[in-house]
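Observations on the model geometry
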Amino acid sequence: MGSGSCGNVLAALASFFIPGLGQLLQGRWLLAGVMFVLTALLWLILLGWIIHLWSIIDAAVYERPARSHYRYGQSRRGYG
């Protein structure tokens, strides 16, 4: 999924309602937990909107890392 894809739009909408939920939908468990906890803590001093906004933008522009098509130890031509 590239930036702006349907999956990223859904993830951004999910993060709008619950910070970190979009990252969770994208399979980024650790970042989702960090964003959720930081937002909850920072809302106690009225600064949670910063992490909340970061969560939405991050989910919207996330691009999955490309996977290698070659197995470990195998050359590009297939005989190695």
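Refer to the structure printed above.
Sequence order sets the numbering: in each chain, residues are counted from 1 along the sequence as written. In view of the model being predicted, local features appear only for residues whose pLDDT reaches at least 70, and side-chain atom pairs are presented and counted only at 80 or more, with totals across whole chains, interfaces and linings using the full set of residues. Computation of side-chain values covers all heavy atoms of the structure but excludes hydrogens and water.

**Quick look at the packing of aromatic side chains**
Here a Phe, Tyr or Trp ring, Trp counted by its six-membered ring, pairs with any other such ring whose centre lies within 6.5 Å, and the pair is stacked when the planes are under 30 degrees apart, edge-to-face when over 60, and tilted otherwise. Following the criterion strictly, the structure yields one aromatic pair and no others. Taken together, a centroid distance of 5.1 Å and an interplanar angle of 85 degrees make the contact between Phe16 and Phe17 edge-to-face. Here Phe17 falls in the exposed class, since its relative accessible area comes to 64%. When accessible area is computed with a 1.4 Å probe and restricted to protein chains, residues below 20% of their type maximum are described as buried, those above 50% as exposed, and intermediate ones as partly exposed.

**Section: the packing of helix H3 (residues 29–43) against helix H4 (residues 48–61)**
The N-to-C vectors of H3 and H4 enclose an angle of 155 degrees; their axes lie 7 Å apart at closest approach. The orientation of H3 with respect to H4, classified from their angle, is roughly antiparallel. Classified by chirality, the crossing of H4 by H3 is left-handed. Counting all contacts with H3, which are made through Leu31, Met35, Leu38, Thr39, Leu42 and Trp43, the residues of H4 involved are Gly48, Trp49, Ile51, His52, Trp54, Ser55 and Asp58. Every axis corresponds to a line fitted to the C-alpha atoms, with the helix fit spanning only the stretch in contact, and the corresponding angles, defined between N-to-C directions, vary from 0 to 180 degrees. For helices the rule is a DSSP run of H or I covering at least 4 residues; for strands it is a run of E covering at least 2, with both sets numbered from the N terminus onward. When an angle is under 35 degrees it counts as roughly parallel; over 145 it counts as roughly antiparallel; between 65 and 115 it counts as roughly perpendicular; any other value is oblique. Definitions for this section: a left-handed crossing has its near helix turned counterclockwise from the far helix by less than a right angle. A right-handed crossing has that turn clockwise. We call two residues contacting when some pair of their heavy atoms lies within 4.5 Å.

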